Amino acid sequence: MKHPKFWSVALLLAALIALLVTSVASAASKGGPVVSLSIMQSDFASDEDVLVTVTIFNPTRHSVRILKWFTPANGVEEALFAVTRDGQKVGYIGPVYKRPPITGKDFITLKSGESLVQTVNLGDYYDLSVSGQYKIVYDVSSFNLYSEKGNAFKLKDNLRSEAVSAKVTGRKKPPPPPDPEPGESAFVSCTDAQQAILLDARTQASTYAANSEDYLLAGTTGLRYTTWFGVYDPGRYSTVTTNFTAISDAMDNAGVTFNCKCKQPYYAYVYPNDPYKIYLCKVFWQAPLAGTDSQAGTLIHEMSHFDVVAATDDYVYGQTGAMDLAITNPDEAVHNADSHEYFAENTPYLP
């Protein structure tokens, strides 16, 4: 017969496991907001905007907070939708940002019974150049979706809608503007002082990228690597090495266009499918040239986002989030833009 203490421990473990499973299963909606989509027509000609209306509703008896960039409250700033065409994934072509650490000011609040309703022109953010039957689902997830502290189990919360669909006739892509010559920098709406800052930042970013590439090509697996990318695995190490080889090459040899029009409280953003155009925002100009969350590091972060470079994503922001990601999900860490930036900046220094 098992000792009574054994059964007490077993019951406690079972209860904890049940609580964890419930949290995973219900993180998307229990006690939180719900989201729905509507679309006005089932067939769109090539000259018609594909307009999708998003409704985020708070059905609870209490107020709820949602990280604003995972809503269309201020326009689309993230890949808010999962879009497929005839079963094939459709690429997001909207902006991808580097942001400061999340604070309470980054959330919107919905009171009990309140809704956020916004209409989005899907063609501004997803590639609708090919005709077909498109299915659209609102699908966002984040550790910080509802709180800057995350949830108790350090799991991603999810907000997902039912699908809507429509037939869409492909529309023509506008011709891209000419790129600067290889290795050169071009500027849009940048003052002379801003241009000088950007040239210095690009030079420092090139130094960071070359140093990172040398470290990886040497096969080094010290604290610098494991802190930002997790326990050594040959496949992941190869991914990071390939990424930094591409980042270093682009920093040295790509024709980069810097655009200084952005007034948002972020560092910078890019459109991953549109190399090598980098849009600098308000926080960029307040950052130091080098060091943690620096101007040079920001350029590393943004360059890594381009599909033709490393196609990184923003799974987490900030050093604390990146270090946690390296421990909990190294497969995501090797594709996280801030992880690449902090590895390159190496501040404080790690061997």
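Conventions we followed
Residues numbered from 1 in each chain as written. Predicted model: local features only at pLDDT ≥ 70, side-chain atom pairs only at ≥ 80, totals over all residues. Heavy atoms only, no water. Pairing = 2+ DSSP bridges. Helix = DSSP H or I, 4+ residues; strand = E, 2+ residues; numbered from the N terminus. Axes fitted to C-alpha atoms, helices over the stretch in contact; angles between N-to-C directions. Parallel < 35°, antiparallel > 145°, perpendicular 65-115°, else oblique. Contact = heavy atoms within 4.5 Å. Nonpolar A, V, L, I, M, F, W, Y, C, P; charged D, E, K, R; others polar. Polar contact = N/O pair within 3.5 Å; in protein donor to acceptor, adjacent residues only side chain to side chain. Buried < 20%, exposed > 50% of the residue type's maximum accessible area, 1.4 Å probe, protein only. Patch = residues over 30% accessible without salt bridge, like charges linked within 9 Å, V, L, I, M, F, W, Y side chains within 5 Å. Areas by Shrake-Rupley, 256 points an atom, 1.4 Å probe, with all protein chains shown as cover. Salt bridge = Lys/Arg side-chain N within 4 Å of Asp/Glu carboxyl O. Lys, Arg positive; Asp, Glu negative; His and termini not counted. Charge placed at Lys NZ, Arg CZ, Asp CG, Glu CD. Core = buried A, V, L, I, M, F, W, Y, C linked by side-chain atoms within 4.5 Å. Phe/Tyr/Trp six-rings, centres within 6.5 Å; stacked < 30°, edge-to-face > 60°. Lys NZ or Arg CZ within 6 Å of the ring centre and 35° of its normal.

Student: How do you make sense of the sheet that holds strand S7 (residues 96–98) when you look at a structure like this?
Tutor: Either a parallel or an antiparallel arrangement is found when strands of a sheet pair, and the pairing is made through backbone hydrogen bonds. Read from one edge of the open sheet, 5 strands run S7-S15-S16-S14-S13, paired in mixed fashion. Each edge of the open sheet carries a strand with a single partner, namely S7 and strand S13 (185–188). Pairwise comparison of adjacent strand axes, ignoring direction, gives a mean angle of 25° for this sheet. Taken together, the 3 bridges between S7 and strand S15 (residues 268–270) define a ladder with antiparallel strand orientation.

Student: Looking at this model, I keep getting lost on the packing of helix H2 (residues 192–217) against helix H9 (residues 337–345). Mind explaining?
Tutor: Helices that pack against each other are described as a pair by the angle of their axes relative to one another and the distance between those axes. In the contact formed by H2 and H9, the axes pass within 8 Å of each other and the chain directions differ by 90°. In terms of orientation, H2 lies roughly perpendicular with respect to H9. Together, Tyr208, Ser212, Tyr215 and Leu216 of H2 and Phe343, Ala344 and Glu345 of H9 make up the contact between the two elements. By residue class, the composition of the contact of H2 with H9 is 5 nonpolar, 1 polar and 1 charged.

Student: Got a minute to help me understand the side chain of Asn121 in this structure?
Tutor: Looking at the secondary structure, you find Asn121 in strand S9 (residues 115–121). A distance of 3.4 Å separates a polar atom in the side chain of Asn121 from a polar atom in the side chain of Asp49. Filtering out sequence-adjacent residues up to four positions away, Asn121 remains in contact with Asp49, Val50 and Leu51.

Student: Sorry if this is basic, but what is going on with the environment of Trp228 here?
Tutor: On the secondary structure map, Trp228 appears in helix H3 (residues 223–229). The exposure class assigned to Trp228 is buried, which follows from its relative accessible area of 4%. Measuring from C-alpha to C-alpha, the distance between Trp228 and Phe44 comes to 45 Å, with 184 residues separating the pair along the chain. Once residues within four sequence positions are removed from consideration, Trp228 is found in contact with Gln319, Ala322, Met323, Ala326, Ala333, Ser339, Tyr342, Phe343 and Leu350.

Student: Is there a simple way to explain a negative patch on the surface in this structure?
Tutor: On the surface, a cluster of negative charge is made up of Asp43, Asp47, Glu48, Asp49 and Asp124. With respect to the helices and strands, the residue Asp124 is situated in the loop between S9 and strand S10 (132–142). Exposure remark for Asp124: the relative accessible area of 46% places this residue in the partly exposed category.

Student: Just checking my understanding: could you explain the nonpolar core for this structure?
Tutor: Nonpolar side chains tend toward joint burial in soluble globular proteins. Ile56, Phe81 and Tyr138 are the most contacted members of the largest nonpolar core, which has 46 residues in total. Per-element tally for this core: the top contributor is S10, with 4 residues. Excluding its chain neighbours within four sequence positions, the residues that come into contact with Ile56 are Pro33, Val34, Val35, Ile66, Thr71, Pro72, Leu110, Glu114, Ser115, Leu116, Tyr138 and Leu159. Counting 42 residues, the second-largest nonpolar core is a separate cluster that includes Val270, Leu299, Val334 and Phe343.

Student: Is there a simple way to think about the packing of aromatic side chains in this case?
Tutor: Throughout the structure, instances matching the rule amount to 20 aromatic pairs. Taken together, a centroid distance of 6.3 Å and an interplanar angle of 85° make the contact between Trp69 and Tyr266 edge-to-face. With Trp69 in the loop between strand S4 (64–67) and strand S5 (81–85) and Tyr266 in the loop between strand S14 (256–259) and S15, the pair connects residues that are 197 residues apart, well separated along the chain. A relative accessible area of 2% places Trp69 in the buried class. Look at Tyr225 and Tyr237: their rings are 4.8 Å apart centre to centre, the planes differ by 45°, and that puts the pair in the tilted class. A residue pair is termed long-range when its members are at least 10 positions apart, and Tyr225 in helix H3 and Tyr237 in helix H4 (residues 234–253) qualify at 12 residues. The two residues Tyr225 and Tyr237 agree in class, both being buried. An aromatic cluster is present here, built from Trp69, Tyr97, Tyr266, Tyr269, Tyr271, Tyr279 and Tyr317 joined pairwise through their rings. The positively charged end of Arg65 is found above the aromatic ring belonging to Phe107, 4.4 Å away from the centroid. Across from the ring centre of Tyr215, 5.0 Å away, lies the NZ or CZ of Arg224, which sits over that ring.

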